[in-house]
Amino acid sequence: MRLRLPAVKTDNYLVYKPVLIGAAILLLLGACTMTQPYGSFIQNPSPAFSQYGKVMADDVTDQIGRLYPAASTQFAMQHPASDPFGQALLDNLRMQGYAVQETVKQDNPLLAAVLSKPIDETDEHAQRITQAEARPGLALRYIIDRSDDLYHVSILIEDLKLTRAFVVHSGQIEPAGLWVRRQQEQ
């Protein structure tokens, strides 16, 4: 018995439907493995979100403090942290003694030129600063989103993912459960 696959004829080429379906599946899977966007996905934040962001950032900072020693840990933020939660998180980490390197958008050509200025090789101080900047910190990213009164916060540090839900009760935000810790596979 011979298996016959249905074929589609297009522009003098014979293409089999399973090949087309397989290619479509591979394209979809490839799109899933692309870089995930990070940051805040809160649309139309309420006026209280600044306060909520601060409370959640305080809790995240406490959890990071349990896992990483301050004063000897450096973080490298992998995306701009321009929302209230991100700003509060960066401020908290610095106040706790962590070094945090922020991502700077180089949309401004003048800023890009200043940041990419060549270092004078005879200047030892500039070389030490450049070497210190070359030591990357732990990659730090976050995702914060919301559904109704439930906020979801995920913190990604290198291959570690910490997730916690927060709920709003009577105008106050509080944890809705324990921290979930998961090691990512790379």
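See above for the structure.
Here is what the cut-offs are and how they apply
- Residues numbered from 1 in each chain as written.
- Predicted model: local features only at pLDDT ≥ 70, side-chain atom pairs only at ≥ 80, totals over all residues.
- Heavy atoms only, no water.
- Helix = DSSP H or I, 4+ residues; strand = E, 2+ residues; numbered from the N terminus.
- Expected span 1.5 Å × (residues − 1).
- Contact = heavy atoms within 4.5 Å.
- Polar contact = N/O pair within 3.5 Å; in protein donor to acceptor, adjacent residues only side chain to side chain.
- Salt bridge = Lys/Arg side-chain N within 4 Å of Asp/Glu carboxyl O.
- Buried < 20%, exposed > 50% of the residue type's maximum accessible area, 1.4 Å probe, protein only.
- Axes fitted to C-alpha atoms, helices over the stretch in contact; angles between N-to-C directions.
- Parallel < 35°, antiparallel > 145°, perpendicular 65-115°, else oblique.
- Left-handed = near helix turned anticlockwise from the far one by under 90°.
- Nonpolar A, V, L, I, M, F, W, Y, C, P; charged D, E, K, R; others polar.

## Looking at helix α3 (residues 84-95)
- In this model α3 runs 16 Å from its N-terminal to its C-terminal C-alpha over twelve residues, within 8% of the 16 Å that 1.5 Å per residue would give.
- Looking at the buried side of α3, the elements it contacts are α2 (49-67), β4 (74-77), β5 (99-101), β6 (138-147) and β7 (150-157).
- N-capping of α3 is provided by D83, with a side-chain oxygen placed 3.2 Å from the backbone N of F85.
- Phi for G97, located one or two positions after α3, is positive at around 105°.

## Quick word on the pattern of salt bridges
- A full pass over the atoms with the stated rule returns three salt bridges.
- A salt bridge links D58 to K54; the nearest nitrogen and oxygen atoms lie 2.8 Å apart. Residue D58 and its partner K54 are located together in helix α2, separated by four residues, close to a single helical turn.
- The exposure class of K54 is partly exposed, given its relative accessible area of 36%.
- Between D59 and R164 there is a salt bridge whose closest N-O contact spans 2.6 Å. Of the two residues, D59 sits in helix α2 while R164 sits in strand β8 (residues 160-169), which places them 105 residues apart along the sequence. Here the two residues D59 and R164 agree in accessibility, since each one is buried.

## A short note on the environment of D148
- Structurally, D148 can be placed in the loop between β6 and β7.
- For D148, a relative accessible area of 67% corresponds to the exposed category.
- Through-space distance from the C-alpha of D148 to that of V168 is 9.2 Å; in sequence the pair is 20 residues apart.

## Quick word on the packing of α2 against α3
- Look at α2 against α3: their axes get within 8 Å of each other, and the N-to-C directions meet at 40°. Classified by the angle their axes make, α2 and α3 are oblique. For the pair α2 and α3, the sense of crossing is right-handed. Residues F49, S50, G53, K54, M56, A57, D58, V60, T61 and I64 of α2 pack against P84, F85, A88, L89, N92 and L93 of α3.
- Of the residues in the contact of α2 with α3, the class split is ten nonpolar, four polar and two charged.

## Side note on α2
- The terminal C-alpha atoms of α2 lie 27 Å apart, and with 19 residues this matches the ideal 27 Å at 1.5 Å per residue to within 8%.
- Among the residues making up α2, those that are buried are F49, Y52, G53, M56, A57, D59, V60, T61, Q63 and I64.

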